[in-house]
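As a plain string of letters, each chain reads:
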Amino acid sequence: MKFTLSWLKDHLETDAGLDEIVYALTDLGLEVEEVSNPAERLGEFSLCKVIQAEKHPNADKLRVCQVLTDEGELQIVCGAPNAREGIIAVIAKPGVYVPGIDAEIGVGKIRGVESHGMMCSEREMELSEEHDGIIELSSGKVGDRFVDWLEENDPSKVDTVIEIAITPNRPDALGVRGVALDLAARGLGVMKPAKTAEILGNGPCPISVTIDDDTRARGCEIFAGRLIRGVQNRASPLWMQDRLKAIGLRPISALVDVTNYFTYDRNRPLHVFDADKVKGNLRVHRARGGETLVGLDEKEYTFSEGMVVISDDNGIESIGGIMGGLQTGCTEETTNVFVEAAVWDHIQISYTGRVLKINSDARYRNERGIDPAYNTQAVDDATRMIMDICGGNATDVIVAGAAPDVRRAYKLDTDRVQSLVGMEIPAAEQVKTLTELGFVVDGDLVHVPSWRPDVLGEADLVEEVARVASLTKLQGKPLMRPTVGVPVPILSTLQKREQIARRTTASLGYNECVTYSFIDKAAAELFGGGGDSTMLENPISSEMSHLRPSLLPGLLQAAARNQARGYPDMALFECGAVFGGGEPGEQENLVTGILVGRTLAKDVHAESRPVDLFDVKADMEVILNAVGAPTKLTYNRKTNGWWHPGRSTKVGLGPKKVLGTFGELHPRVLDALDVKGPVVAFAVHIGEIPLPRKRLASRGALKLRDLQAVERDFAFVVDADVEAITLVNAAASAEKNLIENVRVFDEFIDGSIGEAKKSIAVTVRLQPTEKTLQEADIEAVAIKIIEKVGKATGGILRG
C-alpha cells in the first residue's frame, strides 16, 4: 500500500514530522517498508541564471554559457535548444550526483572547451520524462536550493511516498483514510471530515441491474450504479496524475483515474462502463463455463462454471469485482458513462482471481473486505468527482440487492487489558481510543464500525486499545511462582528418562533420526503390525497407511538410503512412540538404535572390524544404567520374528518384564527393506523400567572406599549350552557385601576339556568396607563362589 504525505494530510490535520509518522505507523502494526523522499536526492541542486550564451566554436548544436551561481560565474557547455541568455535554470555543480544519468558531475572539456557543471532537464533529475530542454523557471533567486523552490511552487514533485505492509486482517488500511484514522487515534493529529456528496439524479437510470438468485448469497450482495450523460473524458487534473504516478500507477483518463483514486483513497474499488457500448441491461450471474472475455489488460480469459460475472444482452462484459472488459471500457470518445459499486463475496473473488491468475487492485481489496455500508455513498462521491472534472448530468441511482448487515457489538471490559496484555490503561483512555478509531461506545457495549471486519470479539477490542497505546510500553515482569520454595519439576519421570536416554545414546556416537510415525503395510507386517487396528482411515499416501509397530522400519529405511549414496558405516537411533493398536493406551515410547557396517574406517592405528551384537549390548547397558534400570537383569533368547534366532536376546526383570532387546536383525527383514547386512540393533522400553522406591530431592552422598580392593580370577568348565550371564549372576551372589562386580574375560572351547564343554573365565573384584581382607577371608569367599557356580551351572574349576 503506497500513498504520499500530502495525500495523507488530506485526511489528517497534523504537524507531525515524517520520522514521527513513520515510527507510529510501524508501531501501530502498519509496517513501513519503504520511504521515498525525492527531496533527499535533489538537495544539492541550486538555481542559476544564464547571463551569456554563445555558439560553441567547434560544434553546431552546443552553446557555451556563462552562468551566474552563488559561487560566482561558471562556464558551462550545454546542448539544450532552450539554453539562452536571461533564463533561470537548475545547475548541478562539480561534485553533485545526478540521479537521472547515474553519474557525478565533474570539470571536463567538451570539444575543447571547459565545462564547470551541468544545467539539468526534468528527466535527468527524475522528475518526469521531459528531456526536450533544460528546466526553465518562471521565478527564483540565484543560489536558492531547487528543493525549496519546488516545495513552494510545485510541491507534488517532492512529495514523500510511504509504502506500508498490510496484514490480511486489516483491509481498512488499504485506503489512505483508514491509515489516517490510526494515526489520529495515536494522537498524531485530528481527522478532517470526510468529503461526501449527495447527488440528486435527473430521472431514472435507463440501464437496470439484476442479480440472479443463486448469486446473491455467495456472489454479489449489493450492486449500485448510475448513468452520467454528456461527460468529456479528458485528462485528469494534474494533482491527481501526480498522486497516481507517485504510487506507481499510470494515469489513463479522467474516468479511469477517478476509479483508481477511490481505490486507494477510500479502499473502494469502482468500475466505469462506456454506457453507449452496453447493450440492454446488466445482469450479475454465475458463468455456465466455457465463456470468454477480453479484459482491460487485453488478455483473453475463459470462465469456469460458477464464476461471478456481469453481462449485458451481448454477453459477459466484466469479471465481477476483479476486472472490466475491454469491449465496454471507457476511452477518450466516451460521453455517457455508467458508474458501479458493488459488494462481492470474498471467497468467490479469491477463487476466481486465482483460477484466472489476475492480480488487480480491485481483487486485492475485494477479497480482503471493503466497507459494505459505504457502497451507495461511494457512487455519489465518485459521481461528484466525475462531474467536477468531466461535467455531465447524472441519473438516479439504481440498486440491486441489499448491503449485508454487519452490525455487531461486544462488551468492553476495561480490566481485560491488564489480564490479556499486561498494560495498565485508564478506562477513559480506552473509550477515547475506540471512539477515535470509529467505534461507537454505548455504556459497556462497543459497536464495531462497518469497515473493520477483523474485530470479532472482546479480545479484539483489547487488542485495538493496546495497539494504539503502543505495545512498546510493555515492561517485562517475572512470572509469579505458584508455590514458595523449590519449584516442582516440569518434566515427568518418563520425560526425564527419555531426555537422558536421548543424550546418552548421542554421546555413544549415534546420530539421531526423526522418522514418520506412519509406514506402509508391508513394512509394518515385517515387525508384527499392519493390522486393521493400526490402519489409517485417510492416509496421505500408500506409503503411510499404518501406525508403526516399531522404530526399526524407519531406521532401516534411513540406512538403506545412506548405503545407496555411498555411506556403508553408520550408527542411527530414534526416540519415539510405537503403536500396538489405535487406542490411547496401546502405545509406548522406545529408544531404538542400529549399527551397520564396520566399527570404524580403515586406520593404521586401530583395528576395523564388523559390528556385532556385543557392541549394541554394551551400548544398551550404558543406556539402561543412565536411566536408572536395576543392575541385575535376566536374559531370554525367545525374541520376536524380526530378530535373528540365536543372535538376539531379551533383557528384563523376569520372563514378563521386558526392559529391552538387542541382537542381530533377521536377514529376511533386511532383504525386504533393501539393506545390506548384517545389522545389529537394540530397543529399550523406557516406560517398563521401574521407578525408584525412594525419591530424593538430591543425589546421595558420594561413598569412597579407603581399603584396597582385591581381584581374583576363576575359570569354570561348564556345559556348552550354559549362558555366561548365569555363571556371572551366581558368582556375584556368593557374597553380596564384598563382591563389587564380576566380569567375563575369556571363553575357551576345545575337545581337550571334554565334549560339549566350554571354559568361561571371570574376574571377581572384592571391595572390603570395614577392614583389609586377609588371605583366609579371600579363600572363604572363593569357596563360596565355587559352590554357588557349581550349584547354578554344574560347573567345576578348570584344572
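Heads up: the structure comes first, above all this text.
Structure report, in brief. What you see as residue numbers is a count from 1 along each chain, following the sequence as written. Selection of residues for local features in this predicted model requires a pLDDT of at least 70, selection of side-chain atom pairs for listing and counting requires 80 or more, and totals for whole chains, interfaces and linings are taken over all residues. Side-chain metrics rest on all non-hydrogen atoms present in the structure, leaving aside hydrogens and water.

### Side note on the overall build of the protein chain
This is how the line gets drawn: The helix count covers DSSP runs of H or I at least four residues long, the strand count covers runs of E at least two residues long, and both are numbered beginning at the N terminus. The classification of residues rests on relative accessible area computed with a 1.4 Å probe and restricted to protein chains. Under 20% of the type maximum is buried, over 50% is exposed, and intermediate values are partly exposed. Computed with the Shrake-Rupley method and a 1.4 Å probe, the accessible areas treat only the protein chains shown as cover for residues. His is not counted, nor are the chain ends, whereas Lys and Arg count as positive and Asp and Glu as negative. For this purpose, a charge sits on NZ of Lys, CZ of Arg, CG of Asp or CD of Glu.
Across its full length, the protein chain holds 21 helices and 42 strands. Seen through its principal axes, the protein chain has C-alpha atoms that stretch 125 × 80 × 60 Å. Looking at the protein chain as a whole, 47% of its 799 residues qualify as buried. A total of about 41,500 Å² of accessible surface is found on the protein chain, and carbon and sulfur atoms cover 49% of it. Each charge sign in the protein chain was given a centre, from 90 positive and 117 negative side chains, and these centres are 7 Å apart.

### Overview of the sheet that holds strand β35 (residues 634-636)
Our working rule: Only strands that DSSP links by at least two bridges are regarded as paired with each other. Contact definition: two residues touch when any of their heavy atoms are within 4.5 Å. An axis is simply a line fitted to the C-alpha atoms; with a helix, the fit covers only the stretch in contact. Between two such axes, the angle follows the N-to-C directions and lies from 0 to 180 degrees.
On the basis of which strands lie adjacent, the open sheet formed by 7 strands has the order β30-β33-β34-β38-β37-β36-β35 and mixed pairing. At either end of the open sheet lies a strand with only one pairing partner, and these are β30 (511-512) and β35. Bridge count between β30 and strand β33 (residues 570-579): 2 bridges; the pairing is parallel. Following the sheet pairing, E512 is matched in β33 by F573. Each of β30, β33, β34 (587-596) and β38 (679-685) touches helix α15 (residues 493-507); the most contacted strand, β33, lies at about 165 degrees to it.

### Things to note about unusual backbone geometry
In the segment running from G677 into P678, the intervening peptide bond is cis, with an omega of 0 degrees. Unusually for a residue other than glycine, N267 sits at a positive phi of about 50 degrees. Summarising the element assignment, N267 is placed in the loop between α8 (254-265) and β17 (271-274). Under the relative-accessibility criterion, N267 is labelled buried at 6%. Within the chain, E298 stands out as a residue other than glycine whose phi angle is a positive 65 degrees. Within the element layout of this structure, E298 appears in the loop between β19 (292-294) and β20 (300-302).

### Describing the nonpolar core
Using the following cut-off: Only buried Ala, Val, Leu, Ile, Met, Phe, Trp, Tyr and Cys residues count toward a nonpolar core, and they belong to the same one when joined by side-chain atoms within 4.5 Å.
One finds F3, L8, I21, L25, I164, V179 and L183 to be the most contacted residues of the largest nonpolar core, which totals 73 residues. The dominant element in this core, judged by the number of residues it contributes, is helix α11 (residues 375-390), at 8 residues. Once residues lying within four places of it in the same chain are set aside, the contact partners of I21 are L5, L8, A16, I162, L183 and L188.

### Looking at the pairing of strand β37 (residues 658-665)
Across the 8 residues that make up β37, a large majority, 7, are buried. Sheet topology places strand β36 (residues 643-652) next to β37; 6 bridges connect them, and they run antiparallel. Across the sheet, the residue bridging to T649 is F662, located in β37. A loop of 5 residues connects β36 with β37, the two strands running antiparallel in sequence, and G654 in this loop sits at a positive phi of about 145 degrees. Relative to β38, β37 runs antiparallel, the two being bridged by 5 bridges. In the sheet register, G660 faces β38, and the bridge partner there is V684.

### Describing the environment of A89
Mapped onto the fold, A89 is located in strand β7 (residues 88-92). When the C-alpha positions of A89 and K632 are compared, they lie 100 Å apart, and in sequence the two are 543 residues distant. Beyond its immediate chain neighbours, meaning those up to four positions away, A89 contacts S46, L47, C48, M119, I134 and I135.

### What about the packing of aromatic side chains?
The following threshold applies: Ring pairs shown here join Phe, Tyr and Trp side chains whose ring centres sit within 6.5 Å, with only the six-membered ring taken for Trp; geometry is labelled stacked below 30 degrees between planes, edge-to-face above 60, and tilted in between. The criterion for a charge sitting over a ring is simple: Lys NZ or Arg CZ within 6 Å of the ring centre, and within 35 degrees of the ring normal.
Enumeration over the complete set of coordinates arrives at 8 aromatic pairs. Ring centres 5.5 Å apart and planes at 85 degrees place the aromatic pair W239 and Y261 in the edge-to-face group. With W239 in helix α7 (residues 238-246) and Y261 in helix α8, this pair connects stretches of sequence that are 22 residues apart. According to the relative accessible area criterion, Y261 is buried, its value standing at 6%. Ring centres of Y261 and F262 lie 6.4 Å apart, and the angle between their planes is 85 degrees; this geometry places the pair in the edge-to-face category. Ring pairs connect the aromatic residues W7, W239, Y261 and F262, which therefore count as one cluster. Its end group placed over the ring of Y264, R365 keeps NZ or CZ at 4.4 Å from the ring centre. Lying over the aromatic face of Y364, R368 brings its terminal NZ or CZ to 3.7 Å of the ring centre.

### Looking at the pattern of salt bridges
How we decide: For this analysis, a salt bridge means a side-chain nitrogen from Lys or Arg found within 4 Å of a carboxyl oxygen belonging to Asp or Glu.
Under the counting rule described, the total for this entry stands at 41 salt bridges. Across the pair D154 and K157 runs a salt bridge, and its minimum N-O distance is 3.1 Å. Across the salt bridge formed by K757 and D719, the nearest N and O atoms sit 2.6 Å from each other. Taken together, the residues K757 in strand β41 (residues 757-766) and D719 in strand β39 (residues 710-719) connect sequence positions 38 residues apart. Of the residues examined, D719 reaches a relative accessible area of 31% and is grouped as partly exposed. In the salt-bridge network here, residues are joined through shared partners; they are R170, D172, D182, R452, D454, E464 and R467.

### Quick word on the packing of helix α13 (residues 427-436) against helix α14 (residues 458-469)
Stated precisely, the cut-off is as follows: Reported orientations rely on four angle classes, namely roughly parallel under 35 degrees, roughly antiparallel over 145, roughly perpendicular from 65 to 115, and oblique for the rest. Polarity classes work like this: nonpolar for Ala, Val, Leu, Ile, Met, Phe, Trp, Tyr, Cys and Pro, charged for Asp, Glu, Lys and Arg, and polar for all others, with Gly in that last group.
Where α13 meets α14, the axes come as close as 10 Å, and the angle between the chain directions of the two elements is 95 degrees. With respect to each other, α13 and α14 are oriented roughly perpendicular. Contacts from Q430, T433 and L434 of α13 reach α14 at L461, E464, V465 and V468. A class-by-class count of the residues in the contact of α13 with α14 yields 4 nonpolar, 2 polar and 1 charged.

### Focus: the packing of helix α5 (residues 176-186) against α14
For the pair α5 and α14, interaxial distance at closest approach is 9 Å and the crossing angle is 70 degrees. Regarding the angle of α5 to α14, the classification is roughly perpendicular. Two secondary-structure elements touch here, α5 through D182, A185 and R186 and α14 through R467, V468 and A469. Grouping the amino acids of the contact of α5 with α14 by side-chain chemistry returns 3 nonpolar, no polar and 3 charged.

Shape descriptors only; they carry no functional weight alone.
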